[in-house]
Amino acid sequence: HFLPPPALARAVDACAAAKLNVLHLHLSDSQAFPLAFERAPANALQKGAHSAAETYSEAQLRSLQRKAAARGVRVVPEVD
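Just so it is clear, the structure is predicted and the values come from calculations on it, not from any experiment. (Residues numbered from 1 in each chain as written. Predicted model: local features only at pLDDT ≥ 70, side-chain atom pairs only at ≥ 80, totals over all residues. Heavy atoms only, no water.)

A. Highlighting the overall build of the chain. When its secondary structure is counted, the chain shows 2 helices and 4 strands. Traced from its N-terminal end to its C-terminal end, the chain shows the element sequence α-β-β-β-α-β. Here the chain, with 80 residues, has 26% of them falling under the buried criterion. Put simply, the chain shows about 5,400 Å² of open surface, and 56% of that area lies on carbon and sulfur atoms. (Helix = DSSP H or I, 4+ residues; strand = E, 2+ residues; numbered from the N terminus. Buried < 20%, exposed > 50% of the residue type's maximum accessible area, 1.4 Å probe, protein only. Areas by Shrake-Rupley, 256 points an atom, 1.4 Å probe, with all protein chains shown as cover.)

Okay, here's the thing in structure tokens:
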């Protein structure tokens, strides 16, 4: 299920508070592939996204990674 970026940021804070050092993100599943990459052909990777609002941009994922790194949490994205 898609989680909006603010919810992922809260998950990073929760990981840090619980002294967990890895946030494993499953970015694809049988229903969705909510990634938008600048270098990919237009919409090639967004085909399974439930809507345009439920897609992560590269900038959003980089921002999440920076926030996590500042709190000692490693973000591990998984794309099946």
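Text resumes after the structure shown.
B. Main features of unusual backbone geometry. Unlike most non-glycine residues, K19 shows phi in positive territory, near 60 degrees. Among the structural elements, K19 can be located in the loop between helix 1 (5–17) and strand 1 (22–26). Since its relative accessible area comes to 77%, K19 is described here as exposed.

C. Structural context of the nonpolar core. Of all hydrophobic cores here, the largest spans 12 residues; its members are L8, V12, C15, L23, L25, L27, L35, Y56, L64, A68, V73 and V75. Residue assignment for this core shows that the elements contributing at least two residues are helix 1, strand 1 and helix 2 (58–70). Counting residues per element, this core draws most heavily on helix 1, which supplies 3 residues. (Core = buried A, V, L, I, M, F, W, Y, C linked by side-chain atoms within 4.5 Å.)

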